[in-house]
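Residue-level listing of the chains:
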Amino acid sequence: MRIAIQTLGCKVNQSESASIGGILRDNGFEIVSHDDSPDVCIINTCTVTARSDAQSRQLIRKAARSGARVVAAGCYAQLRPDEISNIEGLDIIIGNSGKDNILDLIQKLKKDDGVIVNMTDPDVSHVPGPYYSSRSRAFLKIQDGCNFSCSYCAVPLARGRSRSVDKEQIVSSARRFVSEGYREIVLTGIHIGTYGLDHVPKSSLLNIVDMLAGSFPEVRIRLSSLEPQEFREEYLELIKNGPVCDHLHIPVQSCSDKILRAMNRGYTAAYFKGLIEKIVSACPGISVGTDLIAGFPGENDDDFYDTVRLIEQLPLSYLHVFPYSKRPDTKALSFEDHVSEKVKRERVKILFEIAGIKKRNYMKNSLDNILDVIVENRTESNGYWSGLSSNYLKLSIISDVAQRGQRIRARVISLTDTGLQAEHLLQ
């Protein structure tokens, strides 16, 4: 049986899709593209914004029109099964923890079953397994769920409380990745900074990184995202000494203290500013990115331009910008002074322009630098190799001897309209 998996949303969803693909392949299924006439399409949905809800529904309908059997999984399926259950051609709806049952459900799928809804408590851990991937980097889920209560976010409702994967399972998965040739492991989770707080005795993300770095010194480790209040100075030593990539993603969402309080983020703009400056001072050249939400309820022009001014000052390398999206069952939905869609679009545009400048400046500053690069694929346009550096730069690499998945050193030689070009250093 031929199965296609399409994924929306975060790296956690990506790692779970890859895990599902590995389990299915290990049990005799062929994993194919959604364009290759699959027998079954699995849509791993996202519900972080209204747009992701709509994209999820669109992919489900498109898959159903193709004639394939269709499985809707993930966060949107977990929270809003009623919104998709009447889509013609949909066969199975499962939430997040229900992903554990997907093999059994597909094996038993019959044409006359009707829509099967397999929903379990989101606090039940989904067990990630080793997986096969077309990527050159391995995504390893070490944690799920969230104990925070940000007023705009539906993820805790879809993912449940924070749960950490056992150390032994993490090492086992990492060992398989290394044996398959991966030279970068991305540690993913909803809040990886809270890893191990639910264990007895307690553990931590630092323990996991130390353990992986000691066991697999040939592999670089990337941290997917850390909340500002979860950051520890010890991470800077791990970055300076090599095992952890010189790239951090630290979401701030707003730089207005009034809006941060309304969001229930638990820190101030000054705290975030000091943190970013400390990180960049300790690790010159590091790539630090952040998330921003434009048009949160009650955000006036002064609040927005507090964000603009601080973001313009800070040495950030990229921004992920989102308009505020109303999420059912979240506290922010009941707030007064919702911002109009027109104003949200205008603010998003301004932040996107700043993001473009930040990214271009960071790329310019990388010229002539020697970078640690994982080789990805041969590009069709010019015959060069694509690659990703430890500081999260995409490169076009000139090399006659590079191989996919190889970890190399490359010197950045030019910045063109299409991006950075680098040369493979053989010694």
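Residues numbered from 1 in each chain as written. Predicted model: local features only at pLDDT ≥ 70, side-chain atom pairs only at ≥ 80, totals over all residues. Heavy atoms only, no water.

Comments concerning the pairing of strand β10 (residues 184-188)
Threshold: Any residue under 20% of the maximum accessible area for its type is buried, any over 50% is exposed, and the rest in between are partly exposed; the area is computed with a 1.4 Å probe on protein chains only. Note on conventions: DSSP H or I runs of at least 4 residues are helices, E runs of at least 2 residues are strands, and numbering of each starts at the N terminus. Here, any two strands with at least 2 DSSP bridges between them count as paired.
Burial of β10 is extensive: 5 of the 5 residues sit out of reach of the surface. Residues Glu184, Val186 and Thr188 line one face of β10 and the alternating positions Ile185 and Leu187 line the opposite face, and both faces are buried. Sheet analysis places strand β7 (residues 138-141) next to β10, joined by 4 bridges and oriented parallel. Across the sheet, Ala138 pairs through a bridge with Ile185, a residue of β10.

Concerning empty space enclosed by the protein
Using the following cut-off: Of the grid points, spaced at 1 Å and generated over the protein atoms alone, those admitting a 1.4 Å probe that cannot get out make up cavities, while open sets with protein on both sides within 12 Å along at least five of seven lines make up pockets; any residue with an atom within 4 Å of a point is treated as lining. Grid points are joined across faces, edges and corners, and a volume is the space filled by probe spheres set on the points. Note that Gly is not counted as nonpolar here; it falls among the polar residues with everything else outside the nonpolar set of Ala, Val, Leu, Ile, Met, Phe, Trp, Tyr, Cys and Pro and the charged set of Asp, Glu, Lys and Arg.
Enumeration over the complete set of coordinates arrives at 2 cavities of 30 Å³ or more. Roughly 40 Å³ of internal volume is contained in the second largest cavity. If you trace the second largest cavity, you find it lined by Thr47, Asp53, Leu79, Arg80, Ala154, Arg327 and Pro328. Among the residues forming the lining of the second largest cavity, the class breakdown is 3 nonpolar, 1 polar and 3 charged.

Concerning the pattern of salt bridges
As a working rule, side chains carrying opposite charge can pair if their charged atoms are close by. Defined as follows: A carboxyl oxygen of Asp or Glu within 4 Å of a side-chain nitrogen of Lys or Arg is what we treat as a salt bridge.
Applying the stated criterion across every chain, the model contains 31 salt bridges. In this structure, Asp144 and Arg163 form a salt bridge, with 3.6 Å as the shortest nitrogen-oxygen distance. You can see Asp144 sitting in strand β8 (residues 143-144) and its partner Arg163 sitting in strand β9 (residues 163-164), a full 19 residues away along the chain. As far as burial versus exposure is concerned, Asp144 and Arg163 are alike and both buried. The residue Glu180 makes a salt bridge to Arg176 at a minimum N-O spacing of 3.0 Å. Among the charged side chains, a network of salt bridges with common partners joins Glu16, Lys99, Lys141, Asp144, Arg159 and Arg163.

Examining the packing of helix α12 (residues 301-313) against helix α13 (residues 341-365)
Filter applied, for reference: In this analysis, axes come from line fits to C-alpha atoms, helices being fitted only over the stretch in contact, and the angle between any two N-to-C directions falls in the range 0 to 180 degrees. Here the word oblique covers every angle except those under 35 degrees (roughly parallel), over 145 (roughly antiparallel) and from 65 to 115 (roughly perpendicular). Here, residues are in contact when the closest pair of their heavy atoms is within 4.5 Å.
At a minimum axis separation of 11 Å, α12 and α13 run at an interaxial angle of 5 degrees. Comparing the axis directions of α12 and α13 gives the class roughly parallel. From α12, Asp301, Phe304, Tyr305, Val308, Ile311, Glu312 and Gln313 reach across to α13, where they touch Arg347, Ile350, Leu351, Ile354 and Lys358. Across the contact of α12 with α13, the residue classes tally to 7 nonpolar, 1 polar and 4 charged.

Section: the side chain of Lys99
Our working rule: N or O atoms closer than or at 3.5 Å make up a polar contact, with two conditions inside protein: a donor-capable atom paired with an acceptor-capable one, and, for residues adjacent in sequence, both atoms drawn from side chains.
Mapped onto the fold, Lys99 is located in the loop between β5 (90-94) and α5 (102-107). Here Lys99 falls in the buried class, since its relative accessible area comes to 2%. Polar side-chain contacts of Lys99 include one of 3.3 Å to the side chain of Asn13.

Some details on unusual backbone geometry
The residue after Val200, namely Pro201, is reached through a cis peptide bond having omega -5 degrees. Topologically, Pro201 is positioned in the loop between β10 and α8 (205-215). Phi is positive for Asp337, which is not a glycine, with a value near 60 degrees. With respect to the helices, strands and loops of the structure, Asp337 is situated in the loop between β14 (318-323) and α13. Residue Asp337 is classed as exposed on the basis of its relative accessible area, which comes to 60%.

A short note on the packing of aromatic side chains
Stated formally: Only centres within 6.5 Å qualify two rings of Phe, Tyr or Trp (six-membered ring in Trp) as a pair; their planes then separate them into stacked at under 30 degrees, edge-to-face at over 60, and tilted for everything else.
The final tally for this structure, using the stated rule, is 7 aromatic pairs. With 5.0 Å between their ring centres and 75 degrees between their planes, Phe304 and Tyr305 make a pair best called edge-to-face. Looking at Tyr305, the relative accessible area reads 35%, which means it is partly exposed.

Considering the environment of Asp417
Tracing the backbone through its elements, the reader meets Asp417 in the loop between β18 (407-416) and β19 (419-425). For the pair formed by Asp417 and Gly98, sequence separation is 319 residues and the distance between their alpha carbons is 45 Å.

Concerning helix α2 (residues 50-65)
Where we set the bar: Expected helix span is given by 1.5 Å per residue-to-residue step, counting one fewer step than there are residues. The arc in question is the one spanned by the directions pointing from the helix axis to the C-beta atoms.
Over its 16 residues, α2 extends 23 Å from the first C-alpha to the last, a length consistent with the 22 Å expected when each residue adds 1.5 Å. Listed as buried for α2 are Ser52, Asp53, Ser56, Leu59, Ile60, Ala63 and Ala64. All buried residues of α2 project into a common sector of 135 degrees when viewed along the axis, lining one side. Of the exposed residues in α2, the ones pointing more than 90 degrees away from its buried face are Arg51, Gln58 and Arg65. On its buried side, α2 packs onto β1 (2-7), β3 (40-45), β4 (69-74), α3 (75-79), α4 (81-84) and β5.

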